[in-house]
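Descriptive structure summary
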Protein chains: 4
Amino acid sequence: MRKIVISTGGGDAPGLNAVIFAVVNSATRRGWEVYGSRQGYKGLLDHDYLVRLTPEDVEGITPTGGTILGSTNKGNPFHMPVHNLAGEKSIIDISDKILDNFNRLGFDCHIAVGGDGSLEIAHNFAQKGMPVIGVPKTIDNDLEATDRTFGFDTAVATATEALDKLHSTAKSHDRVMVVEVMGRESGWIALYSGISGGADVILIPEIPFNMDAVCKKITENELHDKDYSIVVVAEGAKAEGGTVIDRGKGEEGREEVVLGGIGEWVANEIRQCIGKDTRSLVLGHLQRGGSPTTYDRLLALRFGAAAVRMADAGVFDHMVASMPPKMISVPLEDAIRTRKKIDLNGDKVLTAREIGICLGDVD
Amino acid sequence: MRKIVISTGGGDAPGLNAVIFAVVNSATRRGWEVYGSRQGYKGLLDHDYLVRLTPEDVEGITPTGGTILGSTNKGNPFHMPVHNLAGEKSIIDISDKILDNFNRLGFDCHIAVGGDGSLEIAHNFAQKGMPVIGVPKTIDNDLEATDRTFGFDTAVATATEALDKLHSTAKSHDRVMVVEVMGRESGWIALYSGISGGADVILIPEIPFNMDAVCKKITENELHDKDYSIVVVAEGAKAEGGTVIDRGKGEEGREEVVLGGIGEWVANEIRQCIGKDTRSLVLGHLQRGGSPTTYDRLLALRFGAAAVRMADAGVFDHMVASMPPKMISVPLEDAIRTRKKIDLNGDKVLTAREIGICLGDVD
Amino acid sequence: MRKIVISTGGGDAPGLNAVIFAVVNSATRRGWEVYGSRQGYKGLLDHDYLVRLTPEDVEGITPTGGTILGSTNKGNPFHMPVHNLAGEKSIIDISDKILDNFNRLGFDCHIAVGGDGSLEIAHNFAQKGMPVIGVPKTIDNDLEATDRTFGFDTAVATATEALDKLHSTAKSHDRVMVVEVMGRESGWIALYSGISGGADVILIPEIPFNMDAVCKKITENELHDKDYSIVVVAEGAKAEGGTVIDRGKGEEGREEVVLGGIGEWVANEIRQCIGKDTRSLVLGHLQRGGSPTTYDRLLALRFGAAAVRMADAGVFDHMVASMPPKMISVPLEDAIRTRKKIDLNGDKVLTAREIGICLGDVD
Amino acid sequence: MRKIVISTGGGDAPGLNAVIFAVVNSATRRGWEVYGSRQGYKGLLDHDYLVRLTPEDVEGITPTGGTILGSTNKGNPFHMPVHNLAGEKSIIDISDKILDNFNRLGFDCHIAVGGDGSLEIAHNFAQKGMPVIGVPKTIDNDLEATDRTFGFDTAVATATEALDKLHSTAKSHDRVMVVEVMGRESGWIALYSGISGGADVILIPEIPFNMDAVCKKITENELHDKDYSIVVVAEGAKAEGGTVIDRGKGEEGREEVVLGGIGEWVANEIRQCIGKDTRSLVLGHLQRGGSPTTYDRLLALRFGAAAVRMADAGVFDHMVASMPPKMISVPLEDAIRTRKKIDLNGDKVLTAREIGICLGDVD
């Protein structure tokens with residue numbers, strides 16, 4: 001091993017720079033050279049986007065949000081849309097060109113940090129012979145293969161802090177506040193922030209919700225002189241019987257600030273059902289940004305160091321994963337397949353119910 | 001002076017509890033008794049809502065959000081809606097009853113903390129003979145009579161922190177992020193948070209905006225390799241020529257999370273105009289909550305102490321106001337009349353322009 | 001089960017109020033009555049210190065620091081110092097009186113939240129027949145029986161935030177900053193905050209340190225144009241060969257702000273060894289205070305709910321413990337015996353070394 | 001005007017990067033070139049330390065602590081210590097060399113950001129003919145010539161946050177906590193943070209303190225069932241009658257972490273006087289670091305923009321100053337002479353006394 005390249009792909013997640021910091025430092029200490037490919041794979045297409053990274057270059061980046069490797073959303077090299085002079089769009093495959101450049105530049109390993117889309121691309125490159133190591137990145141914490149992903153603790157902290165702020169206002173105004181948080185397939189952020197932030201109701205994709213149960217909880221609060229309620233809704237929550245929320249779909253699907261999103265829908269239902277002043281708020285991108293928490297920094301640094309260890313051992317086409325107290329490697333192919341759902345019989349769900357949080361079902 | 005009562009009215013604002021802390025402590029040290037009227041004037045109607053407040057009772061409340069005197073939004077005693085047994089609504093005036101109770105309970109002064117609505121009610125009570133002192137409360141900072149109001153610095157800090165978080169995401173995704181902040185009549189929160197939070201464009205009610213100027217700024221950014229932009233929009237900003245945004249209007253009007261609000265409208269225009277991935281976010285109630293900043297705590301404590309000083313001096317039907325480095329008293333009648341607009345020739349606007357922020361007009 | 005009492009003992013830890021919140025809510029939902037014993041066991045001696053706790057009483061306490069049950073440090077009921085009229089001190093055992101009161105008041109269970117001292121007392125009461133359940137509390141995270149303790153993540157976050165702040169000053173002044181953090185027997189806070197906060201050197205009790213190795217690391221930094229360094233020292237760190245630091249010992253031993261503590265000693269050594277401007281700082285009690293992080297809130301709430309579950313199942317003389325993803329019960333006797341040391345071959349230590357942090361030994 | 005250089009000197013202060021951001025952006029928009037001199041004046045001695053600064057280079061630096069121009073503490077060019085080959089030290093004047101370089105490089109203006117030491121050097125260069133503009137920098141807020149200096153609000157916020165954290169611990173342990181904050185000549189940080197952070201006692205250099213008054217306040221607290229107290233001490237506070245605290249003096253004097261400092265001295269006195277468990281803590285450098293508050297960012301950006309305006313107008317040998325709502329210029333010579341003391345008859349001191357804070361004197 002002499003020369004490696006690192007790239008970051010997909011959406012923003014707090015901790016990306018900590019991964020880069022750890023990769024650069026632990027690889028450099030092994031005597032290797034490290035390069036960063038800016039804007040996804042662009043550094044492997046255009047020399048101007050390939051940067052040498054030394055420990056000096058990455059000094060102090062661990063606490064920062066975003067990624068020093070710039071915009072991460074530059075499309076799939078295997079299906080790259082291009083426009084000809086007449087403005088017509090076609091799809092081309094530029095993966096060979098990238099692989100050629102990778103080899104010509106003498107790289108021995110590519111560490112690809114990214115979400116499931118980016119990791120699938122990484123796996124495809126591995127199939128073509130590129131020695132690739134994946135580092136998982138999703139603030140949703142919904143990968144079965146790893147106990148935790150970095151960015152999740154920060155997203156939960158941001159959502160919880162928002163709930164803390166909304167409490168005093170909801171209380172001062174005798175209101176119901178409905179807060180929509182991220183979580184299209186699973187309700188990790190909703191459940192964790194809702195419990196920590198003192199929510200009265202938490203609605204998650206894993207449990208189709210019943211509006212009567214929700215309204216009953218809010219009414220019960222009033223009977224106990226608690227004239228306000230906080231409702232946390234994961235963006236992927238669905239009403240029982242399949243109320244379909246018509247929502248736009250952005251390039252990546254999930255982050256769209258949705259007109260008529262589920263949070264607003266729930267707020268309307270509550271307003272109609274119990275005639276109470278009810279407002280809704282979409283936290284949206286706030287959950288992706290900011291300085292990573294200590295927890296996420298430590299996890300991201302460990303991911304980075306472990307990826308270099310894997311490179312050293314020659315374990316390619318695999319992804320780093322956390323299995324406390326260890327770091328392990330799992331085949332990329334398996335890793336990107338399985339999503340992690342909330343265990344409805346687990347201790348966190350049980351705790352939520354026991355401390356009186358309504359999860360939208362009839363208990 | 002022997003016995004005073006304090007009430008908080010109108011929307012939530014960080015610093016309310018600091019005012020209460022200072023009133024209780026400085027009145028108690030003068031040998032007075034202090035009572036709190038919970039839920040606006042309700043404590044002067046119903047004994048259960050009147051609470052004795054000693055320094056022990058208010059220990060440690062300064063850093064907390066909300067108000068220990070509970071919900072603040074209970075209507076105007078001079079125009080109180082009531083429903084008879086048949087469910088018919090009528091408006092009655094219960095101000096005499098409140099005044100009678102006030103006198104019967106032997107109160108010598110009422111310190112009313114509130115926004116312009118609450119201060120007008122306080123003034124009406126003063127006209128009827130109640131010895132009232134007002135403490136201004138608006139997170140919008142738009143009262144001409146006082147240099148600053150508490151809650152504003154906290155609201156600006158919350159909005160700035162949100163902008164900090166959105167920067168990394170906007171950058172990672174090459175996006176335009178449009179953030180709608182509070183400010184129906186004037187753009188104080190937008191201007192302060194936009195400058196501090198590194199916005200590229202700030203749109204305020206004081207300057208009708210031109211979409212061409214906005215889009216030009218975003219396009220210029222791209223020419224300088226800055227492929228993302230942050231746009232801050234005050235909820236009361238308007239396009240040149242009077243584009244009317246159809247927005248719902250809540251009980252208080254202003255805090256509605258607006259479908260088709262101005263932030264979203266601007267985002268749509270940008271998307272259409274330059275075809276760039278553009279998202280919008282409404283900060284809404286987040287700006288009202290949370291622990292007050294040091295600045296707001298100090299200001300609120302000084303307001304409270306000054307109100308007691310005014311009570312001691314017998315200066316009623318007046319409001320506390322800040323005129324650095326002093327606290328002064330201004331007649332309530334004058335105070336609630338005049339709104340403070342941003343000085344378009346002032347140093348902050350000049351600074352914004354000089355460091356390259358587009359204010360929506362053509363320069 | 002009909003009536004339970006909860007007490008908090010030992011030093012402050014962020015998350016105590018979250019435990020109380022969960023206990024009160026989950027017990028109340030089971031139809032039980034909950035009481036709080038203020039000031040340790042004082043509520044079981046003096047009626048004025050015994051308070052009824054309903055969900056209304058504990059609303060909103062989860063995010064707050066400290067404990068609503070007041071001062072926690074009131075001595076051991078089995079060895080209580082008293083003074084007679086002549087001022088002479090003697091030691092008496094008031095445990096029988098407490099047990100009598102407990103029974104006479106009709107309590108069915110005592111949930112004791114505390115550190116090893118408090119848990120040992122709880123165990124002693126269990127031996128005498130009191131149905132006791134322990135909830136572990138130590139910000140040091142050094143209990144073998146449980147994977148994590150609440151308060152630790154908050155302490156690490158506070159220490160990391162301090163390191164973040166010191167970076168810019170150390171850099172601006174070309175200085176070495178030595179920061180002493182808590183950790184008498186083990187270096188958990190030092191290791192976690194040091195890695196996350198970008199320390200150059202981390203000294204922990206588990207690894208006797210060599211000043212030459214420390215100074216070599218700082219000198220190497222300068223060779224790489226990094227003219228400043230950050231050194232994190234656990235208060236219980238020791239130099240190789242047994243340099244004994246003469247430090248005062250307070251009532252509890254550990255929290256004393258130490259004159260001539262290990263941080264200052266290390267700073268002096270660095271100053272003498274390489275003649276560099278070196279300052280030291282003791283974080284001390286800052287690590288114990290403040291609002292719990294989301295992580296600690298969730299953990300503390302789960303501890304509280306699990307303790308009530310144990311009460312329901314009649315599992316006494318045991319302590320709640322976290323064994324992810326479950327909560328389990330362990331006998332109090334075993335739980336308080338074994339301290340958890342950092343695994344020197346574990347992934348966190350490995351990561352620290354790989355990213356270039358000096359752990360004080362010669363590698 | 002075509003080409004300007006900016007330098008930062010003296011200790012770290014949150015907001016330095018915001019000044020640089022504003023200078024670079026507003027100068028560039030005027031069509032000027034901006035350079036940064038790294039490490040004080042070093043960029044005017046050694047080409048390697050002179051960097052071109054464009055808006056791209058300073059993008060995103062406003063929220064960051066420290067200064068991108070590196071170490072600020074490199075001595076006085078008029079009295080520069082040098083060592084010959086024999087190791088003997090002598091003092092030389094390198095100001096001519098700097099001025100020559102400045103002129104040879106074609107600079108039209110030097111914007112010097114710094115404390116009183118740096119501003120005096122700037123004035124000396126102005127006397128020699130260099131067109132210099134000063135920007136004041138002190139977190140102590142003790143310059144008579146300007147209403148406020150950036151960094152102060154952040155330092156107060158850091159100190160207040162520390163007090164918030166110490167409250168719960170002091171309360172849980174029935175302790176007196178003594179916190180030493182910055183302020184050698186005046187007690188601005190102590191007064192502002194002490195009032196905002198709920199201190200019981202605030203000791204400042206402007207009021208020689210009486211230990212009996214301090215202990216009386218703490219004892220009174222206990223009579224009101226408040227068994228803990230928080231004491232804030234400015235590092236320059238002195239006991240009545242001139243108790244001299246023997247403290248070391250560092251290069252800059254003020255920031256030394258002092259053995260036997262005034263905080264510890266006060267803690268000892270309290271311990272002896274009323275036999276209460278009393279601990280002390282020195283906040284030290286924590287007050288200098290971290291991301292600037294919104295208030296400080298706005299002020300620092302305005303300072304930077306105003307400095308460029310002064311350059312444009314050719315107003316040299318002057319310093320930017322804040323006189324709300326304006327920015328003004330004051331002659332450097334006058335500006336660095338007069339320190340601003342706390343007005344003992346002002347509203348803040350009055351408020352402190354009225355809400356029951358002991359200021360160390362006998363009232």
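Read on for an overview of the structure. (Residues numbered from 1 in each chain as written. Chains lettered and ligands numbered in written order. Predicted model: local features only at pLDDT ≥ 70, side-chain atom pairs only at ≥ 80, totals over all residues. Heavy atoms only, no water.)

The subject of this paragraph is the relation of the copies chain A and chain C. It takes a turn of 180° to lay chain A on chain C, together with a shift of 0.0 Å along the axis; the resulting RMSD is 0.0 Å. Each copy turns onto its partner about a two-fold axis. When the interface residues of chain A are mapped onto chain C, 100% of them again fall at the interface, so both copies present the same face. (Least-squares fit on C-alpha atoms with pLDDT ≥ 70 in both. Contact = heavy atoms within 4.5 Å.)

With that settled, the discussion passes to the sheet that holds strand 11 (residues 278–282) of chain A. Residues and elements named next belong to chain A. One open sheet accounts for four strands, arranged 9-10-8-11; its pairing is parallel. Of all the strands in the sheet, the pair left with one neighbour each is strand 9 (201–203) and strand 11. The sheet shows a mean angle of 15° between the axes of neighbouring strands, direction not considered. Pairing of strand 8 (residues 176–181) with strand 10 (residues 229–234), which is carried by six bridges, proceeds in the parallel orientation. Its bridge partner being in strand 10, V181 is matched across the sheet by A234. (Pairing = 2+ DSSP bridges. Helix = DSSP H or I, 4+ residues; strand = E, 2+ residues; numbered from the N terminus. Axes fitted to C-alpha atoms, helices over the stretch in contact; angles between N-to-C directions.)

Time to look at the environment of R30 of chain B. With respect to the helices and strands, R30 of chain B occurs in the loop between helix 1 (16–29) and strand 2 (33–37). Note on R30 of chain B: relative accessible area 28%, which makes it partly exposed. Residues R30 of chain B and R309 of chain B, spaced 279 residues apart in sequence, show a C-alpha to C-alpha distance of 10.0 Å. If near-sequence neighbours (up to four positions away) are discounted, R30 of chain B is found in contact with V308, R309 and D312 of chain B together with E354 of chain D. In terms of polar contacts, R30 of chain B uses its side chain to reach the side chain of D312 of chain B, at 2.7 Å. (Buried < 20%, exposed > 50% of the residue type's maximum accessible area, 1.4 Å probe, protein only. Polar contact = N/O pair within 3.5 Å; in protein donor to acceptor, adjacent residues only side chain to side chain.)

All names here are of chain C. Looking at the secondary structure, you find T154 in helix 5 (residues 152–173). Among the residues examined, T154 registers a relative accessible area of 3% and is labelled buried. Dropping the residues within four chain positions of it, T154 is found in contact with P14, G289, S291, P292, T293 and D296.

Judged by how many residues are buried, helix 6 (residues 188–196) of chain C sits mostly within the fold: nine of nine residues are covered. Along helix 6 of chain C, the residues classified as buried are W188, I189, A190, L191, Y192, S193, G194, I195 and S196 of chain C. The elements touched by buried residues of helix 6 of chain C are helix 9 (294–313) of chain A together with helix 5, strand 8 (176–181), strand 9 (201–203), strand 10 (229–234) and helix 11 (347–354) of chain C. In the segment just after helix 6 of chain C, G198 of chain C is the residue with positive phi, at about 70°.

A few words now on the packing of aromatic side chains. Overall, the coordinates contain 34 aromatic pairs over all chains when judged by the stated rule. Seen in terms of ring centroids, F78 of chain B and F125 of chain B are 4.9 Å apart; in terms of plane orientation they differ by 55°. Their pairing is tilted. Taken together, the residues F78 of chain B in the loop between helix 2 (55–58) and strand 4 (80–83) and F125 of chain B in helix 4 (residues 116–127) connect sequence positions 47 residues apart. Summarising the burial analysis for this pair, F78 of chain B and F125 of chain B share the class buried. Where Y35 of chain C meets F107 of chain C, the ring centres are 5.6 Å apart and the plane angle is 75°; that geometry is what we call edge-to-face. Placement of Y35 of chain C in strand 2 (residues 33–37) and of F107 of chain C in the loop between helix 3 (95–104) and strand 6 (109–114) is noted, with a sequence separation of 72 residues between them. Here F107 of chain C falls in the buried class, since its relative accessible area comes to 6%. Linked through ring pairs, Y35, F102 and F107 of chain A together constitute an aromatic cluster. (Phe/Tyr/Trp six-rings, centres within 6.5 Å; stacked < 30°, edge-to-face > 60°.)

So, to be careful, I would describe these as geometric facts and stop short of saying anything about function.
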